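Listed below are the residues making up each chain.
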Amino acid sequence: MFPNVSMQTKILGLVTGLILFVSLLLTVFYSAMEYQRIEQEMGEKGLQMAQVVAKMPSVRSAFDEAHPEVVLQPVATEVRILSGAEYVVIGNTESIRYAHPDPDKIGKKMIGGDNDRALLGGESYISEAVGSLGPSVRGKAPILDYEDNIVGVVSVGFMVEDIRSVIYERLGKIIALALLIIVVGVIGGIRLADSIRKDTMGLEPAEIASLYTERTAILSSVHEGIIAVDKAGEVTLLNGSARRLLGLSEKQDVSRLDEVHPDLEAQRFLRPDARLSNEEAVINDRHVIVNAVPVERDGEPAGAVFSFRDKTELKELVDTLSEVREYSDYLRAQTHEYTNKLYVISGLMQLGNYNEAIELISDELDTARSQNRILFTQIQDPTVQAILMGKLGKASENKIQFNIDDNSELGPLPGHIGIAQIVTILGNLLDNAMEEVRSAERQEVTFFATDIGNEIIFEVADSGGGLPEEELERLYERGYSTKASSGRGYGLSLVREVVDELGGYIEAHNSTGGGAVFTVFIPKQEGGVG
């Protein structure tokens, strides 16, 4: 509504309109109350004067005279002047006037029709009626003789027009006060609008709403975790990525910075006065890069903004790229090996050793047919095929016997299993197995895959030294490794994380013939095993 109207104009319009409405409402209310009050006061004053006149001895005695008007007219005139009433009228039981402000109306019947209560019932009361002079409020009282018989009526009245004149006079003062209030309100509205514009840095509400919408979209789309705090350490902003990195659920309410994460490593840098630049830390077993930028307002510290970038994801991406490059190197090595074998075959043919050449070709052909039959017929997912082809080249180069189980059957993987995820799982398991058997007496690695049932199963077995039974629970800890070299202990941890993301699980045990066996179970349907 009114999109092109500035906030200052809206505030001024609202304040002015509200003050006008309230002033008008109060004026009407006051006028009605004041009218009733003045009318009641004048009515009571007229009633009191009527009762006083009715009890005057001269008035009571005048009704015994042949011409009562001679006595009553001067009395009524004097009372009217002294009381300030508009008129004082005296009449007999037939409502014939004996006294009236207009002498010409003496002897004529009183107008208004409201004398019966006084003449018949002997009541004193206030009434409002239209008389000979116009609408008026009047007090009426019966006149009694000395034997308490009703002999006449007194009517003391004030004109309604006079009441209105009093109201109009007082309304003038009220209107002047209302105008003063409006002026003060406009000035206050201008000051308020200026103050709000200063607090909003000169932005209009529509601009603020647009910035808020854009900020929400940006915070939801970025992968970096972002936390904003004020100078007291109160959390003012926490995006979804920060919740995931810090291990906070969507429903978990965090109000203070020291409640964000209890870890001492986190508390070391999560401070409202922190100034950090690309500092590395470990939170929830994840390597993160932390930056902290202070926020100032009017030159004074107002808090800080923290950003968290998951170094683990960068490492996974680098590992995936390394895997792809490694497969390329393995295929190149395999090409080199086949080239050497072709040279050998060529030499045997030139030397006339045809039987040896045929035997070498047959052996290679049988091996290739066996591998290709399983790899391209029974394994139908192109990503898994590429991984296995690369590992076959690596095994051949390192003189490791890499077997793909004849019973393997695997169709195309479901869409919820990403390429990077399957590369992380199979690449790390096969690399660990091949590295384990390098120093073993029997260098053999076996791969099995099947998608029969509700789960996809991958199994990697090696002929190495096996797994230490007492350390099985620590296999998936980040940084833990059975190797003595440093910089290890990430492969199985990454595998476990990816398997958990896919809703599956991983098992590890030692085979009866020696060596380790890792089995991965991944549900075909996204959302859980089975």
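Throughout, a residue's number is its position along its own chain's written sequence, starting from 1. Residues qualify for local features only when their pLDDT is at least 70, as the model is predicted, and side-chain atom pairs are given and counted only at 80 or more; totals for whole chains, interfaces and linings, by contrast, use all residues. With hydrogens and water stripped out, all remaining heavy atoms of the structure feed into the side-chain values.

K.L.:
Explain unusual backbone geometry here, please?
P.N.:
Leaving glycine aside, a negative phi is the common case for residues, and trans is the common case for peptide bonds. Of note in the backbone geometry, Ser-95 takes a positive phi value of approximately 65° without being a glycine. Each helix corresponds to a stretch of at least 4 residues labelled H or I by DSSP, and each strand to a stretch of at least 2 residues labelled E; elements are numbered beginning at the N terminus. Among the secondary structure elements, Ser-95 is positioned in the loop between strand E1 (87-92) and strand E2 (97-99).

K.L.:
Sorry, what's going on with a nonpolar patch on the surface here?
P.N.:
Surface patches are defined over residues having more than 30% relative accessible area and no salt bridge, joining like charges when they lie within 9 Å and nonpolar side chains (Val, Leu, Ile, Met, Phe, Trp, Tyr) when within 5 Å. Calculation of accessible area relied on Shrake-Rupley with a 1.4 Å probe; when residues are assessed, cover is drawn exclusively from the protein chains displayed. When a carboxyl oxygen of Asp or Glu is within 4 Å of a side-chain nitrogen of Lys or Arg, the pair counts as a salt bridge. Residues Leu-18, Phe-21, Val-22, Leu-25 and Leu-26 make up a contiguous nonpolar surface patch of about 500 Å² in total accessible area. Its place among the elements puts Leu-26 in helix H1 (residues 7-54).

K.L.:
Help me understand the packing of aromatic side chains, please; the structure alone is not making it clear to me.
P.N.:
Stacked, tilted and edge-to-face are the three classes assigned to paired rings of Phe, Tyr and Trp, where Trp is represented by its six-membered ring and a pair needs centres within 6.5 Å; plane angles under 30 degrees give stacked, over 60 edge-to-face, the rest tilted. Evaluated as defined, the whole model comprises 3 aromatic pairs. Between the aromatic rings of Phe-63 and Tyr-98, the centroid separation amounts to 5.6 Å while the plane-to-plane angle is 55°, which identifies the pairing as tilted. Of this pair, Phe-63 sits in the loop between helix H2 (57-62) and helix H3 (68-83) while Tyr-98 sits in strand E2, and the two are 35 residues apart along the sequence. Under the relative-accessibility criterion, Phe-63 is labelled buried at 16%. Between the NZ or CZ atom of Arg-60 and the centre of the ring of Tyr-146, over which it lies, the distance is 4.6 Å. The ring of Tyr-125 has Arg-117 lying over it, and the distance from NZ or CZ to the ring centre is 4.1 Å. The buried label goes to any residue with under 20% of its type's maximum accessible area, the exposed label to any with over 50%, and the partly exposed label to all in between, with areas taken from a 1.4 Å probe on protein chains only. In this scheme, the term charge over a ring applies when either NZ of a lysine or CZ of an arginine sits within 6 Å of the ring centre and within 35 degrees of the ring normal.

K.L.:
What is the right way to read the sheet that holds strand E11 (residues 401-404) from this model?
P.N.:
Paired through their backbone hydrogen bonds, the strands of a sheet run either parallel or antiparallel. By the convention used here, strands pair only if DSSP detects at least 2 bridges between them. What the 5 strands build is an open sheet, ordered E11-E12-E13-E15-E14; its pairing is mixed. Single-partner strands in this sheet number two, and they are E11 and strand E14 (505-510). Neighbour to neighbour, the strand axes of the sheet diverge by 15° on average, direction disregarded. Sheet topology places strand E13 (residues 455-462) next to strand E15 (residues 516-523); 7 bridges connect them, and they run antiparallel. Bridge pairing links Phe-458 to Val-520 in E15. Helix axes are fitted to C-alpha atoms over the stretch in contact, other axes to C-alpha atoms as well, and angles between N-to-C directions run from 0 to 180 degrees.

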